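# Geometric and topological summary
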Amino acid sequence: MISNKIKVVFDRSVDAIFAVILLFIIIGIAIGTLQLFVTTWKLLAFKGITGHYIDIIADVLTLYVLIELSRSLVEYFNTHRLRLTFIVDGAIVFVIREILIALFKHDLKADMIYAFSAFLFVLGALRIASVLVYQREKHLAEQESH
């Protein structure tokens, strides 16, 4: 009996904490989007725009990472489980963001390219594995319900 009460308190606490985190992510996305529009508007005033595209690309990809992370939290509220797929998607986008920024700045060395490539390979394999496990669990759940 007491363990059920503790579980209910724990579940409600986790829901509240994730709701607060999701609220801050939404506020961050809104502020970031407004700043992106301001930055893009200011871009029209610059004569040499090559260097400023790096900032816009970094900002857009950062917003995309926040959106992917918020998707994992929204999915938690639907299933009460964190889906690894959304988290790995955010990590992949973050690594790609770092690669693009380094490429635009011409700061990417061969050893870093190899390291990023290996990391992306592992993240891709992890994503594929998580999708396969999710599909298998979904199939098993459908079989049990019939």
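Residues numbered from 1 in each chain as written. Predicted model: local features only at pLDDT ≥ 70, side-chain atom pairs only at ≥ 80, totals over all residues. Heavy atoms only, no water.

As recorded in an unreviewed UniProt entry, the chain goes by Phosphate-starvation-inducible PsiE family protein and comes from Pseudoalteromonas viridis. As recorded by UniProt, the Subcellular location (unreviewed entry) comment attached to the chain reads in full: "Cell membrane". (UniProt positions renumbered as here; feature names shortened; annotations may be inferred.)

Within this structure, the stated rule accounts for 2 aromatic pairs. Ring centres of Y76 and F77 lie 5.9 Å apart, and the angle between their planes is 70°; on these two criteria the pair is classed as edge-to-face. Look at Y76 and you get buried, because its relative accessible area is 8%. Through a chain of ring-to-ring contacts, the aromatic side chains of F18, Y76 and F77 assemble into a single cluster. (Phe/Tyr/Trp six-rings, centres within 6.5 Å; stacked < 30°, edge-to-face > 60°. Buried < 20%, exposed > 50% of the residue type's maximum accessible area, 1.4 Å probe, protein only.)

Its 21 residues place the ends of helix 3 (residues 84–104) 30 Å apart at the C-alpha level, agreeing with the 30 Å of an ideal helix rising 1.5 Å per residue. Among the residues of helix 3, those classed as buried are T85, F86, V88, D89, G90, I92, V93, V95, R97, I99, I101 and A102. (Helix = DSSP H or I, 4+ residues; strand = E, 2+ residues; numbered from the N terminus. Expected span 1.5 Å × (residues − 1).)

Another aspect to go through is the nonpolar core. Listed in full, the 8 residues of the largest apolar core are V88, I92, V95, I99, A102, L108, F116 and L123. Secondary structure elements with two or more residues in this core: helix 3 and helix 4 (110–145). Here this core takes 5 residues from helix 3, the largest share from any one element. Excluding residues that lie within four positions of it along the chain, L123 makes contacts with V88, A91, I92 and V95. Membership of the second largest hydrophobic core comes to 7 residues, among which are V14, F18, L22 and Y76. (Core = buried A, V, L, I, M, F, W, Y, C linked by side-chain atoms within 4.5 Å. Contact = heavy atoms within 4.5 Å.)

On to the confidence of the model for the chain, then. Across the chain, pLDDT averages 85, with 94% of residues at or above 70. The least confident element of the chain, judged by mean pLDDT, is helix 2 (residues 50–79) at 81; the most confident is helix 4 at 90. (pLDDT = per-residue confidence, 0-100.)

So, about the layout of surface pockets. In this model, the largest pocket occupies a volume close to 270 Å³. Taken together, E75, T79, R81, L82, R83, L84, T85, S130, V133, Y134, E137 and K138 form the lining of the largest pocket. When residues of the lining of the largest pocket are assigned to their parent elements, the largest contribution, 5 residues, is made by helix 4. Considering only residue class, the lining of the largest pocket consists of 4 nonpolar, 3 polar and 5 charged. (1 Å grid on protein atoms, 1.4 Å probe; cavity = no way out; pocket = protein on both sides within 12 Å on 5 of 7 lines; lining within 4 Å. Points joined across faces, edges and corners; volume = space filled by probe spheres on them. Nonpolar A, V, L, I, M, F, W, Y, C, P; charged D, E, K, R; others polar.)

Together, V20, L23, F24, I27 and I31 make up an exposed nonpolar region whose accessible area comes to about 470 Å². Relative to the helices and strands, L23 resides in helix 1 (residues 2–43). (Patch = residues over 30% accessible without salt bridge, like charges linked within 9 Å, V, L, I, M, F, W, Y side chains within 5 Å. Areas by Shrake-Rupley, 256 points an atom, 1.4 Å probe, with all protein chains shown as cover. Salt bridge = Lys/Arg side-chain N within 4 Å of Asp/Glu carboxyl O.)

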